[in-house]
Amino acid sequence: MNEDGNGTIVLTPTVGQRAKRSVFWIAAGLFTLLVALAALALAGSTAADDRLAGDNPAPGGAKALLSVLREQGIDVRETHSLDESSKASEDPTATTIAIYDPEALLTQSQWEAAATLGATVVLIDPGFDALHALAPDVANAGDVSGPVDAGCDSPLTRHAEQISADGSAYRIVTPSDSVRTCYASYGDTYSLVTVDATSGTIVVLGATDAVTNEFIADRSNAALALTVFGQTDRLIWYLPSIDDLSARAPTAGELTPPWVIPAIAMFAIAAVAAALWRGRRFGPLVVENLPVTVRSSETMEGRARLYESASARSRAIDALRVASLERIAAECGLSRLAKVDDVVNAAAATTGAPVEVVRRVLVDALPETDRQLLSLSDDLTRLEAAVRAAVTPNS
């Protein structure tokens, strides 16, 4: 920032360039902030679209079903952990618990514990773990779609002759009198299976679309849903969450062996001790008065040693030639701005030596060995002495 003659403050080009560069980063930061806000907004909107959530009015939710059950006098409790479900089940004999666990968060022991919370346990689209724990005679048989007829004599299907079976189908591994099947789709696969267990009745419901807000009013879906979930005075609508994870991932501290921290501390102490030991070897700092005058002979000797260690013979002879050219030009009466060719011609004319010989010494010859470098140095000394002798009058 500078001031012109009128006292006006103006920006220098450097500041202007910096301002231009900062515009890009400011725009990038604003764009990143907008993307983050949009992501948060989308996350908030999708949270309300959880499938079969009791407070979700979206097509995939189950708010319509639970609202109707409440209107019919059913005490509906929505829970998201096994602990909440246990507290909500005050009287298991008068409780139906519906469990929908699409993320397979529950373990076998948790499934077994959940089965004791109600006289009727409805497994909505259960996976392998749930079937293995509560209904081992039932197995997954893939997906199914389209309307299906009841085709069975069961109190659950008495008023639901046909439903939308979009969802999962199941097959029976070991047929028995305690297992009843309804809504056959293809072959020996079914959308509804009931199993009489020691703790109560297990209902396997694969037709998940039949209980959603979007399809609850189609065909006899509502009749089936109200019958299955309204068998008792209380319904626990249990959607497992991350709170049910019985085992968490170990932290880095838990995975670290006990000897690592002492070893790191030992290495740190050794490093500090080594630094102090090496530092003391240099001794105390020397205070030197500045500026320091260095003799020219020391500078020349130091530069010569550098040339020698680097085998820089060309640089060494060039340094000698520059000094010789300046002295010869002064002896011949030439200015310091005289060209090299003028100095060569003047030296040849003064000493009577051939121009080619003088030019070889002052310009052309390049030493390849130390011996040649010393020889050229001697030639330069002799040439300077010859010029000095030629221009100096006889006493």
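Reading the values: rules and limits
Residues numbered from 1 in each chain as written. Predicted model: local features only at pLDDT ≥ 70, side-chain atom pairs only at ≥ 80, totals over all residues. Heavy atoms only, no water. Helix = DSSP H or I, 4+ residues; strand = E, 2+ residues; numbered from the N terminus. Buried < 20%, exposed > 50% of the residue type's maximum accessible area, 1.4 Å probe, protein only. Contact = heavy atoms within 4.5 Å. Areas by Shrake-Rupley, 256 points an atom, 1.4 Å probe, with all protein chains shown as cover. pLDDT = per-residue confidence, 0-100. Core = buried A, V, L, I, M, F, W, Y, C linked by side-chain atoms within 4.5 Å. Salt bridge = Lys/Arg side-chain N within 4 Å of Asp/Glu carboxyl O.

## Looking at the overall build of the protein
A count of helical and extended segments in the protein gives 13 helices and 13 strands. Put simply, the protein has 395 residues, and 33% of those count as buried. For the protein, contacts bridging at least 24 residues in sequence account for 61% of all contacts bridging at least 6. Of the roughly 24,600 Å² that the protein leaves accessible, carbon and sulfur atoms contribute 58%.

## Description of the confidence of the model for the protein
Predicted confidence across the protein gives a mean pLDDT of 84, with 87% of residues reaching 70 or more. In this model, residues 44-49 is a region of pLDDT below 50 whose contacts with residues beyond four sequence positions or in other chains number 3 contacts.

## Comments concerning the nonpolar core
In terms of nonpolar packing, the biggest core is built from 36 residues, with Tyr-183, Phe-229, Leu-235 and Trp-237 touching the most fellow members. Of all elements in the fold, only α2 (63-71), β5 (120-124), β10 (179-184), β12 (200-205), α6 (221-229) and β13 (234-238) reach the threshold of two or more residues within this core. With near-sequence residues (within four places) excluded, Tyr-183 lies in contact with Val-148, Asp-149, Ala-150, Thr-157, Ala-160, Glu-161, Ile-163, Thr-189, Tyr-190, Ser-191, Leu-192 and Leu-224. Formed by 26 residues, the second largest nonpolar core is a distinct cluster that contains Leu-106, Leu-123, Val-138 and Tyr-238.

## Quick word on the pattern of salt bridges
Should the charged atoms of two oppositely charged side chains come close, the side chains can pair. Within this structure, the stated rule accounts for 15 salt bridges. In this structure, Arg-388 and Glu-331 form a salt bridge, with 3.8 Å as the shortest nitrogen-oxygen distance. Of this pair, Arg-388 sits in helix α13 (residues 370-391) while Glu-331 sits in helix α10 (residues 313-331); the two residues are 57 residues apart in sequence, bridging distant segments of the chain. Of the charged contacts, one joins Asp-341 and Arg-359 as a salt bridge, the two residues approaching to 2.7 Å between their closest N and O atoms. Highlighted residues: Asp-341 in helix α11 (residues 340-351) and Arg-359 in helix α12 (residues 355-364), separated in sequence by 18 residues. In this structure, a network of salt bridges that share partners links the residues Asp-75, Arg-77, Glu-90 and Arg-234.

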